[in-house]
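Structure at a glance
Residues per chain are reported as follows:
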Amino acid sequence: MIYLSLFTISFLAATILPLSSELMLAGLIATSNYDNLLLLIVASFGNVLGSVVNWILGFYSRNFTTKKWFPFKGRQIESSSKWFDKFGKWSLLFAWVPIIGDPLTLAAGLLRVKFTEFLILVIIGKVSRYFIIYYFI
């Protein structure tokens, strides 16, 4: 049951909800009552999956770019896409950072970052963050 709770908190923390999976993971590791490797895997999987949902939401919201109410115009998206292709893709390594990480993953979908590149960079960043937490506990 605790692993499911960790997965859920980690998943939701990767969305726009202001939750902290790091605190829960650190607390569970500190108690030494659980398999630490399994805790890292569950937290990482949940957090990455939440970012994937953000990417999908961004990817499919692009279908609304022709609507008058859509906040970005075609020229803005094209310009942003060029910038993101040049610099932004690597910023996905910081998708774990509070406040800016969730919008980064949404923007990656909106700007059509290749899913495999997105996934690799997000996994590296998010799993590394959990390993650092584990190391310091």
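Reading guide: rules and limits
- Residues numbered from 1 in each chain as written.
- Predicted model: local features only at pLDDT ≥ 70, side-chain atom pairs only at ≥ 80, totals over all residues.
- Heavy atoms only, no water.
- Phe/Tyr/Trp six-rings, centres within 6.5 Å; stacked < 30°, edge-to-face > 60°.
- Helix = DSSP H or I, 4+ residues; strand = E, 2+ residues; numbered from the N terminus.
- Buried < 20%, exposed > 50% of the residue type's maximum accessible area, 1.4 Å probe, protein only.

Bringing the packing of aromatic side chains into the picture now. For the structure shown, the criterion picks out nine aromatic pairs. An angle of 35° between the planes, with centres 6.0 Å apart, marks the rings of Trp55 and Phe118 as tilted. Note that Trp55 is positioned in helix 3 (residues 36-61) and Phe118 in helix 6 (residues 115-136), a separation of 63 residues in sequence. When its relative accessible area of 9% is taken as the criterion, Trp55 is described as buried. Classification of Phe118 by relative accessible area gives buried; the value is 0%. Taking 5.2 Å as the distance between ring centres and 80° as the angle between the ring planes, the aromatic pair formed by Tyr135 and Phe136 counts as edge-to-face. Comparing Tyr135 with Phe136, the two get one shared label, exposed.

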